[in-house]
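A structural walkthrough
Take a look at the letters that make up each chain.
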Amino acid sequence: MTNASNDNHLFRPNSYIGRTVPRPNAKRLLNGRGNYTDDTKLPRMVHVAFLRSPYAHARINKIDKNQAIKAPGVVAVVDGHDIAEVCAPWVGVLAHLEGMKSAEQHALAIEKASWEGEPVVAIVASTRALAEDALELIKVEWDILPVVTDMEAALGEDAEIIHESLGDNLAWRRTMDAGDVGASFDHAAHIIEERYISNRHTGVCPESRSIVADFNSADDQMTIYQSTQAPHMMQSLFAKHIGLDTHKVRVICNDVGGAYGIKVHAYPDEFATVALSYMLGRPVKFVADRRESFLSDIHARDHRIDTRVAVTANGEITAFEIDDWTGVGPYSAYPRTSAMEALQVLNFTGGQYRNRNYKGRATVVYQNKTPMSQYRAVGHPIVTMITEGMVDDAARAIGMDPLEIRRRNLIADDAYPTTSASGLPFEKLSHQASLDKLEKMINYAELRKDQAAARERGVYRGIGIATFIEMTNPGVASYGVGGAPITAQDGATVRLDANGNTTVAIGVTEQGQGSETIVAQCVASALGITLDSIKVITGDTDVTPYGGGTWGSRGAGIAGEAAVQAGKALRENILEVAAIMLQTDADSLDICENNVINHRDGEVRMPLSEIGRICYFRPDTLPPDFQAELVATRHYVPRQYPFAFTNGVQGCYIEVDIETGLIAFKKYCVVEDCGRVINPQLVDEQIRGGVVQGIGGALFEECRYNDRGELLNGTMSNYLLPTMTDVPDIEVAHIETPTSESELGAKGAGEAGTGAAAAAIMNAINDALSPLGGKVTQQPFTPERILSAIGKI
Amino acid sequence: MTTEKRLISLSVNGELQAKIVEPRMSLADFLRIELELTGTHVGCESGVCGACTVNINGQTARACTILAVQVEGDEVTTIEGASESGEFRDLQDAFHARNALQCGFCTPGMLMMSAELLTQNSKPCRQEIREYLSGNYCRCTGYEAIVDAVETVAQTRNARVGEQDD
Ligand code: FES
Ligand code: FES
């Protein structure tokens, strides 16, 4: 690998790497000229609405479609049996999650429905309103079945078995035992046990899931407009399950109104929409309404974790032990499964600490609720809540300052490369430097004084610190090795046109993070051109190189590197032509601000527009044996490390009103190390947006179910999201520890904010409540839970 | 179920429109489907999120909770109209410079509300900005950048007014 700092293009003074530039593609959104999937309108397009199961678990005895088919505007009424003839079922398991089992799942339920909201019948009509009208005319005879809701009861002797073919409700279980946990607990000065509960919540994308499928039977082409994070993955899946060759399926992803991991999964209603278009030979649109989104979008984070931590009298943490339970709905999600969250909880807990003794068990069970799977920061909020909760528990037990215990136990900055107790490889992290920076930034010593003074006045304030690790730049180990059609690589094609401008096509997608902007910054810097001369194309499987899309904090690190390498390759190609035209050596030339220049003195020799003109219109003036190539494609996949870990620390200062249980933020700081920062503003805004999503899960958001498995709050008025007045301004700072695996050195930053917010807030609340002997360990930390923790209610 | 369609006429972004609509059609659907003004977004269909905010006769309103037949004879401005007239170009520029949008789905509604705030209160403090916009959800930005952008525009407009006064 080349050493990044030696490359004069990426890091020379006028490079765009490390510079805040505004996002060119944001302008159309500001003018109301975005193009989201629901904005797509095609000739002969019809609309689908789904009859969804009103019960969490019920046998479908009979479906009477006769009245519905006669309703005004109705084009088709289709049930599970009909759709199964054109869309093959799937099973959401991956080979590397040994022992995992799940049941066959269909686009529309056959025989029985297993969660409230599972799609059962599809009605296609000329408008969505008419399709919804006709839904009321369908008669389904149901046999209501006993439900499984509680995750631990799911494995009880008398639990209803959701899928008989599986034998029980266990989806997957894995254990881990590193070092000597038993001996550590035997010799510990203190052992602290605690149960933590992470609440089920969901992404609530402002733009709900949307898809338009357009099958043209004349040329056997399926064109799909979809709000998705992973167009090539969806292309493979739609092709496979409808039975088309992949080149006959084109997935186009225009503007996406928020995704956060929710739109990286294959959903039954979206398969049904594609199947319906195939059956009808015309465009079919499905846009989930808000209630269907709450019932059918992936939920996440529903975990119950028993923890145990051992600490010596002088503050050395000598063992962590966890037992994690999670209920993931009735089916494992496809194709990423519903076990990744538990896997990451098991693998990542305690990963920032030196301790070598770690024991854990993760149990994933099926239940009759909406399926769970990956949502922004997969598992990390749980990992960080329990890890940093345990560390604060240990600190309190021995009377040590929370910063001090972390300082003693975090992996030292000069200890790399190293591994965690669970075996995670760490290339280079900066826990100590990050903690030092946060201490200054938040003004820790002053806050402690303020806290003490406030307590004198009967005001309860608390400081919460949460260090974290974050998995980014996932390599093939995440999904590819398990057999899923999910590529870890990304590719970029860079083309110089006849006027000297550049087009980049790349496999990642844009959901507002700024993917297209950072790709442009990478290409511009590597190639030597200005940003305004670049156009970036994403989200079209017919056009872009094969790529994984945008998830797992992979855009900057993986696609950014592909863009850099493609830009460099095109620069070489251009300089080869220029050298011939200028009758000099390519090594003596360079490109800067859209001109070929002398490497030595910077003298402008020729604009790129001249290169374009000659190569495209007057190649006769070039030597007969020379063919110019003004296009270059490069791919990149990390190989040395299975993923690039990042790290950081969040700190907040809050005040708890012990009469109302309400929380007010007084300060919120984040120090984050995502390696090379390409665009500081975009990174900071990823962190801020991420923190606020974390605050949502910590304080407000919860999918609440009754014991019949019915969702009680499936609207935006009773599922609470953080609003502008609920959240603080957030100060963000960086330590930059580039990965040496790539020339660019970037790691991911999209999930770090979300991953540690709940932990920081929980620790702050518990710090505030400690004089009152109260403690909260169940999210969301509602006023009610806070008041009951201090015995007020 | 459907009842008889009705003819409505109104002004949208300065253009007179006459259309026959079902009485149950929301203004948001009317704008998006009938007039193809897709800049008005629908996030919750229930008046909670603010994504569908438009301006009716000089006041913001949530187009998802109003029926198209209710705006008969009214003057409606959407993000498309406001963008073309340039009435809050400075807000759009400030949002752009400060990256006060990510996916952009909330943005048209945020801009409509921010513009209204600044006509009512030319010197809002950060808390006042947060309160005025608290009915508009943004799932991406964490809100701070939006507050910054609105604050910047208020300051710039005031500085301009100050210069004129001098
Ligand atoms: S769509 Fe109108 S307020 Fe949400
Ligand atoms: S920018 Fe995505 S919701 Fe506000």
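Residues numbered from 1 in each chain as written. Chains lettered and ligands numbered in written order. Predicted model: local features only at pLDDT ≥ 70, side-chain atom pairs only at ≥ 80, totals over all residues. Heavy atoms only, no water.

**Some points on the packing of helix α9 (residues 340–348) of chain A against helix α10 (residues 380–398) of chain A**
Residue and element names in this part refer to chain A. Closest axis-to-axis distance for the α9/α10 pair is 8 Å, and the angle between their directions is 35°. For the crossing formed where α9 meets α10, the hand is right-handed. Taking contact as the criterion, the partners of E341, Q344, V345 and F348 in α9 are, on α10, H380, I382, V383 and I386. Taken together, the residues of the contact of α9 with α10 sort by class into 5 nonpolar, 2 polar and 1 charged. (Axes fitted to C-alpha atoms, helices over the stretch in contact; angles between N-to-C directions. Helix = DSSP H or I, 4+ residues; strand = E, 2+ residues; numbered from the N terminus. Left-handed = near helix turned anticlockwise from the far one by under 90°. Contact = heavy atoms within 4.5 Å. Nonpolar A, V, L, I, M, F, W, Y, C, P; charged D, E, K, R; others polar.)

**Section: the packing of aromatic side chains**
All chains considered together, the criterion is met by 15 aromatic pairs over all chains. Ring centres 5.2 Å apart and planes at 90° place the aromatic pair A:Y36 and B:F105 in the edge-to-face group. With A:Y36 in the loop between α1 (26–30) and β1 (46–52) and B:F105 in the loop between α3 (89–98) and α4 (107–120), the pair connects residues from two separate chains. In this structure A:Y36 comes out as buried when scored by relative accessible area, which is 1%. A ring pair is formed by A:W90 and A:Y334, whose centres lie 5.7 Å apart and whose planes are at 20°; its orientation type is stacked. Of this pair, A:W90 sits in the loop between α3 (80–84) and β4 (112–113) while A:Y334 is found in the loop between β16 (317–327) and α9, placing the two residues 244 residues apart along the sequence. A single burial state applies to A:W90 and to A:Y334, both of which are buried. Taken together, the aromatic side chains of A:W90, A:F238, A:F271 and A:Y334 make up a single cluster linked through ring pairs. (Phe/Tyr/Trp six-rings, centres within 6.5 Å; stacked < 30°, edge-to-face > 60°. Buried < 20%, exposed > 50% of the residue type's maximum accessible area, 1.4 Å probe, protein only.)

**Focus: the packing of α10(A) against helix α18 (residues 752–769) of chain A**
Residues and elements named next belong to chain A. Viewed as axis vectors pointing N to C, α10 and α18 meet at an angle of 30°, and their least axial separation amounts to 7 Å. Regarding the angle of α10 to α18, the classification is roughly parallel. When the axes of α10 and α18 are compared, the crossing they make is right-handed. Along its contact with α10, which presents H380, P381, T384, M385, E388, G389, D392 and R396, the element α18 presents T754, G755, A756, A759, M762, N763, N766 and D767. Of the residues that constitute the contact of α10 with α18, the class distribution is 5 nonpolar, 7 polar and 4 charged. (Parallel < 35°, antiparallel > 145°, perpendicular 65-115°, else oblique.)

**Structural notes on the environment of A:M100**
Residue and element names in this part refer to chain A. Mapped onto the elements of the fold, M100 is located in the loop between α3 and β4. What makes M100 buried here is its relative accessible area of 10%. With 71 residues separating them in the primary sequence, M100 and A171 have C-alpha atoms 5.7 Å apart.

**Comments concerning unusual backbone geometry**
The residue after A:Y334, namely A:P335, is reached through a cis peptide bond having omega -5°. Relative to the elements of secondary structure, A:P335 occurs in the loop between β16 and α9. A:Y416 connects to A:P417 through a cis peptide bond whose omega is -5°. For A:S553, which is not glycine, the phi dihedral falls at a positive 50°. Mapped onto the elements, A:S553 comes out in the loop between β23 (534–537) and α15 (555–582). Residue classification places A:S553 among the buried residues on the basis of a relative accessible area of 12%. Positive phi values are uncommon outside glycine, yet B:N13 reaches one of about 50°. Inspection of the secondary structure puts B:N13 in the loop between β1 (6–12) and β2 (15–21).

**A word on the sheet that holds β1(A)**
Residue and element names in this part refer to chain A. Spatial strand order, β3-β5-β1-β13-β10-β11-β12: 7 strands in an open sheet with mixed pairing. Only two strands of the sheet have a single neighbouring strand rather than two, namely β3 (74–79) and β12 (249–252). With strand direction ignored, the average angle separating the axes of adjacent strands in the sheet is 20°. When strand β10 (residues 210–216) meets strand β13 (residues 284–287), the two strands line up antiparallel, connected through 4 bridges. Bridge pairing links A213 to V284 in β13. Its contacts with the sheet place helix α6 (residues 231–242) against β10, β11 (221–226) and β12, and it is angled at close to 145° to β12. (Pairing = 2+ DSSP bridges.)

**Some words on the sheet that holds strand β25 (residues 595–598) of chain A**
Where strands meet in a sheet, backbone hydrogen bonds hold them as pairs that are either parallel or antiparallel. Residues and elements named next belong to chain A. The sheet built from 3 strands is open, its strands ordered β24-β25-β26 with antiparallel pairing. Strands with a single pairing partner mark the edges of an open sheet, and in this sheet they are β24 (589–592) and β26 (604–607). Going from strand to strand, the sheet's axes swing by 30° on average, the running direction of each strand aside. Examined bridge by bridge, β25 and β26 share 3 bridges and lie antiparallel to one another. In the sheet register, N595 faces β26, and the bridge partner there is P607.

**Quick notes on the interface of chain A and chain B**
Every contact between the two is made by 50 residues of chain A and, on the other side, 51 residues of chain B. Counting the surface lost from both chain A and chain B, the interface buries some 4,200 Å², and carbon and sulfur atoms represent 53% of this. Counting every contact that joins chain A to chain B gives 9 salt bridges. A salt bridge links B:E144 to A:R688, with the nearest nitrogen and oxygen atoms 3.1 Å apart. Taken together, chain A and chain B are joined by 34 residue pairs in polar contact (both at pLDDT 80 or more). (Buried area = accessible area lost by both parts, 1.4 Å probe. Salt bridge = Lys/Arg side-chain N within 4 Å of Asp/Glu carboxyl O. Polar contact = N/O pair within 3.5 Å; in protein donor to acceptor, adjacent residues only side chain to side chain.)

**A closer look at the side chain of A:D324**
All names here are of chain A. Relative to the helices and strands, D324 resides in strand β16. Here D324 occupies a buried position and makes no salt bridge, while the nearest side chain of opposite charge, R304, is found at 8.9 Å. Polar side-chain contacts of D324 include one of 2.8 Å to the side chain of H303. Those residues in contact with D324, other than ones at most four positions away along the chain, are H303, R304, I305, A342, V345, R361, A362 and T363. (Lys, Arg positive; Asp, Glu negative; His and termini not counted.)

**A short note on the confidence of the model for chain B**
Looking at chain B, the pLDDT average stands at 96 and 98% of residues meet or exceed 70. The complex model carries a pTM of 0.97, and its ipTM stands at 0.97. (pLDDT = per-residue confidence, 0-100.)

**Concerning the layout of surface pockets**
By volume, the largest pocket amounts to about 1,400 Å³. Residue lining of the largest pocket: 46 residues in total, with A:R128, A:A129, B:M25, B:D29 and B:I33 positioned closest to the centre. When residues of the lining of the largest pocket are traced back to their parent elements, those giving at least two are β1, α4 (128–135) and β13 of chain A together with β2 and α1 (27–34) of chain B. Here the lining of the largest pocket is built from residues that sort into 18 nonpolar, 10 polar and 18 charged. (1 Å grid on protein atoms, 1.4 Å probe; cavity = no way out; pocket = protein on both sides within 12 Å on 5 of 7 lines; lining within 4 Å. Points joined across faces, edges and corners; volume = space filled by probe spheres on them.)

**Some remarks on the domain arrangement of chain B**
Accessible area lost when the parts come together is the quantity often used to give the size of an interface. All names here are of chain B. Once the domains are mapped, chain B shows domain 1 (6–82) and domain 2 (88–161). The C-alpha centroid of domain 2 is placed 22 Å from the C-alpha centroid of domain 1. Taken together, the 19 residues of domain 1 in the interface contact 13 residues of domain 2. Together domain 1 and domain 2 conceal approximately 1,200 Å² of surface at their shared face, both sides included; 61% is due to carbon and sulfur atoms. (Domains from an automatic or database assignment.)

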